[in-house]
Amino acid sequence: MNRLITTLFVAVVLLVTNQSPAETPNIVVIMADDLGYGDVSCYGATALETPNIDQLASEGLRFTSGYCSASTCTPTRYSFLTGTYAFRGERTGIAPPNSPAIIQPGTETIASVLRRAGYATGVVGKWHLGLGGPDGPDWNGELEPGPLEIGFDTCFLLPTTNDRVPQVYVHDHRVPNLDPSDPLWVGSKKPAPEHPTGLTHRDTLKMNWSHGHNSTIHNGISRIGFYTGGHAARFRDEDLADKWVEKSNEFIEQHQNEPFFLFFASHDIHVPRMPHERFQGATSLGFRGDAIVEFDWCVGEVMKTLDRLDLADKTLVVLCSDNGPVLDDGYEDGAIEKIGNHRAAGQYTGGKYSVYEGGTRTPFITRWTNRIQPGVSDEIVCTIDLAASLAALCDQSLPANACLDSFDVAGALLGIDGASGREHIVQQNNGNNGTYALRAGQWKLHRYDKQTARNIVVEKQLANTEVPQFQLFNLVDDPSELQNVIDQHSEIADRLKSQLAEIIQSGRSRP
Ligand code: NG6
Ligand code: CA
């Protein structure tokens, strides 16, 4: 029914705007890394300016209840691609450097759906969903399965996340520029007693680590995990953003005359924050702020390409983040010391690793020039919904056993009058560890099966504190989730507890 309504809405909009209904948009999803609700100026930041993201928002729809599914990277990306909550899957927590592919070939994904609809599909940037078979990636050989086995025609990737080894790109199935006489080795144990690390050579580092991140050193930065070899293939952290822009623009240019889907997964503003020299010092917030400005520049460059190729009114752009903010995430980059009055999560409590709103409520903007009426939307939408929503926009039906938690909210994403977003959304932190929240309308239930949670103060993410298994908040009266009202509203809490248990147990929430 929902799908029928969307199709009708879209048909009406297309008629009103005098477009042929056969025309479906190109799709560009730009996902930032660790970007918080309050980190960009159109969401209230005043300590820095993000003119390109602001422009996207002023030409499109800015969501005040736009979510990612989890407050860490791997589970959000898993859910975005598969349309299924990550807590249903195995090994969906933060992936280690040698993780095998987490999404199995044959799984329906947003990319496979769009490919079936005739789209050219590409992913550029951070992957962090594992590569290779059960033994993990064969770094010197064919890196499969990976994105190409789940619906992407092409990929140009940072294989894990840049605080993890190795610092090499992956193009389709290979690490480019590998010299066979200098093979790449990646492991979790120190390869030789004399191998320099962030512990043994700490005084040589250009950015000190604060916790973890003290293994192999590359480019003056020590990382999680060890590696040797592959020197000709290694990149400089400072050049990542330029490379993503180059590859994203290349993909758009190559496919400008056919429908395309580009997933641009920026590494900004994840640690190690090492923006290009031309952005270093751009803000008063240190490298964390400078990385936000670098990300904003990337958004602008992609928008310029769409304009230059006359594609802005043929392209739906979605801007989102993979989880909320964190200040010190393992390196001494000044993020805490220089924060001043900047509120990375806006008015929300918590951030990365937490199921408070700060963990998953993030910047979320849609723009489709001349189709989306510019404005602000309070509808609840989530990155997990893009699979079903884009499928509906492209008139593709989803198999019953696919995208199990993805709702068709295309009408809300396009800002169509009267179209609503989700009624409820499950939030989680990392993998399948019994920490959840359920937002249903104005109410928010937290559930901690282990009765412990990361400290909710963004500046002090590492501390674990004891918490009651259930807490209830009223987001209208108390958006910052400071007053647990479970004792005053036990009947509402009971209803949400059952609803959450039902969503978890039934194995799906999509009708
Ligand atoms: C944590 C890392 C953190 C970051 C995170 C993944 C330590 C102490 N912390 O384990 O630095 O890498 O994993 O971030 O190692 S994410 O955005 O990719 O999920
Ligand atoms: Ca992240």
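For the structure, check the block above.
Residues numbered from 1 in each chain as written. Chains lettered and ligands numbered in written order. Predicted model: local features only at pLDDT ≥ 70, side-chain atom pairs only at ≥ 80, totals over all residues. Heavy atoms only, no water.

Engineer: Lay out the pairing of strand β14 (residues 424–428) in plain terms, naming residues and giving numbers.
Structural biologist: Across the 5 residues that make up β14, a large majority, 5, are buried. As judged from the 5 bridges shared by β14 and strand β15 (residues 435–440), these two strands associate in the antiparallel manner. Looking across to β15, one finds that Gln428 is bridged to Tyr436. The loop that links β14 with its antiparallel partner β15 comprises 6 residues; one of these, Gly431, has a positive phi angle of about 60 degrees. (Buried < 20%, exposed > 50% of the residue type's maximum accessible area, 1.4 Å probe, protein only. Helix = DSSP H or I, 4+ residues; strand = E, 2+ residues; numbered from the N terminus. Pairing = 2+ DSSP bridges.)

Engineer: How would you explain the state of the cysteines if you had to name every residue and give the values?
Structural biologist: Inspection of every chain in the model, using the stated rule, returns 0 disulfides. For Cys42, which is in no disulfide, the shortest distance to another cysteine sulfur is to Cys320 and amounts to 14 Å. Of the cysteine sulfurs around Cys382, a residue in no disulfide, the closest is that of Cys68, at 6.9 Å. (Disulfide = S-S within 2.5 Å.)

Engineer: Let's hear about the coordination of the calcium ion (ligand 2): which residues, and what values?
Structural biologist: The protein atoms donating to the calcium ion (ligand 2) are Asp33 (OD), Asp34 (OD), Asp322 (OD), Asp322 (OD) and Asn323 (OD1), with metal-donor distances spanning 2.2 to 2.7 Å. In this structure, the calcium ion (ligand 2) is surrounded by 6 donor atoms whose angles at the metal cover 51 to 173 degrees, and the resulting shape is irregular. Along the chain, the residues donating to the calcium ion (ligand 2) are arranged with the sequence spacing D-D-x287-D-N. Like Asn323, Asp322 is buried. (Donors = N, O, S within 2.8 Å, 3.2 Å for Na, K, Ca; no water. Tetrahedral: all angles 85-135°; square planar, octahedral: opposite > 155°, others 65-115°.)

Engineer: Help me get a handle on the packing of helix α2 (residues 51–59) against helix α6 (residues 287–308), residues and values and all.
Structural biologist: Any two packed helices are characterised by the angle at which their axes cross and by the distance between the axes. At their nearest, the axes of α2 and α6 sit 7 Å apart, and the two run at 55 degrees to each other. Between α2 and α6, the angle falls in the class oblique. Where α2 approaches α6, its residues Pro51, Asn52, Ile53, Gln55, Leu56 and Glu59 are matched on the opposing element by Phe295, Asp296, Trp297, Val299, Gly300 and Met303. (Axes fitted to C-alpha atoms, helices over the stretch in contact; angles between N-to-C directions. Parallel < 35°, antiparallel > 145°, perpendicular 65-115°, else oblique. Contact = heavy atoms within 4.5 Å.)

Engineer: Lay out the environment of Trp368 in plain terms, naming residues and giving numbers.
Structural biologist: Relative to the helices and strands, Trp368 is located in the loop between β12 (365–367) and β13 (375–382). With relative accessibility at 3%, the residue Trp368 sits in the buried group.

Engineer: Which residues make up the side chain of Ser321, and what values go with them?
Structural biologist: You can see Ser321 is positioned in strand β11 (residues 315–321). A distance of 3.0 Å separates the side chain of Ser321 from the backbone oxygen of Asn323, its partner in a polar contact. Here Ser321 is in contact with Met31, Ala32, Asp33, Asp34, Leu35, Cys68, Thr362, Pro363 and Thr383, once residues within four sequence places are set aside. (Polar contact = N/O pair within 3.5 Å; in protein donor to acceptor, adjacent residues only side chain to side chain.)

Engineer: Break down the pairing of strand β10 (residues 260–265) for me, citing the residues and quoting the values.
Structural biologist: Counting buried residues along β10, 6 of its 6 residues qualify, which places the element largely inside the surrounding structure. Neither face of β10 is open: one carries Phe260, Leu262 and Phe264, the other Phe261, Phe263 and Ala265, and all of them are buried. When strand β1 (residues 26–32) meets β10, the two strands line up parallel, connected through 5 bridges. Counterpart to Ile27 in the pairing with β10 is Phe261. Where strand β3 (residues 120–126) and β10 come together, 6 bridges link them in parallel fashion. Among the inter-strand pairings, Val123 is bridged to a residue of β10, identified as Phe263.

Engineer: Please set out the pattern of salt bridges residue by residue, giving values where relevant.
Structural biologist: Within this structure, the stated rule accounts for 29 salt bridges. Between Asp39 and Arg288 there is a salt bridge, and its shortest N-O distance comes to 2.7 Å. Placement of Asp39 in the loop between β1 and α2 and of Arg288 in helix α6 is noted, with a sequence separation of 249 residues between them. For the residue pair Asp39 and Arg288, the accessibility class agrees, reading buried in each case. (Salt bridge = Lys/Arg side-chain N within 4 Å of Asp/Glu carboxyl O.)

Engineer: A description of the nonpolar core should follow, citing residues and the corresponding values.
Structural biologist: Of all hydrophobic cores here, the largest spans 108 residues; its most connected members are Val29, Phe80, Leu81, Ile110, Trp127, Phe261 and Phe263. Setting aside residues up to four positions removed in sequence, Phe261 forms contacts with Ile27, Val29, Phe80, Ile110, Ala111, Leu114, Tyr119, Ala120, Thr121, Gly122, Phe152 and Phe251. Counting 22 residues, the second largest nonpolar core, distinct from the first, contains Phe87, Val426, Phe470 and Ala493. (Core = buried A, V, L, I, M, F, W, Y, C linked by side-chain atoms within 4.5 Å.)

Engineer: Go over the packing of aromatic side chains with me, naming the residues and quoting the values.
Structural biologist: With the rule as written, the count across this model stands at 14 aromatic pairs. Look at Phe152 and Phe261: their rings are 6.1 Å apart centre to centre, the planes differ by 20 degrees, and that puts the pair in the stacked class. Placement of Phe152 in the loop between β3 and β4 (154–158) and of Phe261 in strand β10 is noted, with a sequence separation of 109 residues between them. The exposure classification of Phe152 matches that of Phe261, with both residues buried. Relative to Trp297, the ring of Phe279 lies with its centre 5.8 Å away and its plane at 55 degrees, an arrangement referred to as tilted. (Phe/Tyr/Trp six-rings, centres within 6.5 Å; stacked < 30°, edge-to-face > 60°.)

Engineer: Can you explain the site of ligand 1? Please cite residues and give values.
Structural biologist: Contacts to ligand 1 come from 17 residues, most closely from Cys73, Asp163, Arg164, Asp329 and Lys352. Within the side chain of His270, an N or O atom sits 3.0 Å from an oxygen atom of ligand 1. Bound to the protein, ligand 1 loses 84% of the 450 Å² it would expose on its own. Taken together, the residues of the shell around ligand 1 sort by class into 4 nonpolar, 6 polar and 7 charged. (Near = heavy atom within 4 Å. Areas by Shrake-Rupley, 256 points an atom, 1.4 Å probe, with all protein chains shown as cover. Nonpolar A, V, L, I, M, F, W, Y, C, P; charged D, E, K, R; others polar.)

Engineer: Talk me through helix α5 (residues 240–254); I want residue IDs and the actual numbers.
Structural biologist: Helix length check: α5, at 15 residues, gives a terminal C-alpha distance of 21 Å against a target of 21 Å (1.5 Å per residue), a fit within 8%. Of the residues making up α5, those classed as buried are Leu240, Ala241, Trp244, Val245, Lys247, Ser248, Asn249, Phe251 and Ile252. Packing partners of the buried residues in α5 comprise β3, β4, β10 and α6. (Expected span 1.5 Å × (residues − 1).)

Engineer: I'd like a description of the sheet that holds strand β19 (residues 470–474), backed by residues and values.
Structural biologist: Read from one edge to the other, the open sheet built from 4 strands follows the order β14-β15-β16-β19, with strand pairing classed as antiparallel. Here the strands that pair on one side only, and so sit at the sheet edges, are β14 and β19. Taking the axes of each pair of neighbouring strands and ignoring which way they run, one obtains an average angle of 15 degrees across the sheet. In this structure, strand β16 (residues 443–448) lies alongside β19, joined through 5 bridges in antiparallel fashion. Each residue of the ladder has a partner; that of Trp443, found in β19, is Asn474.

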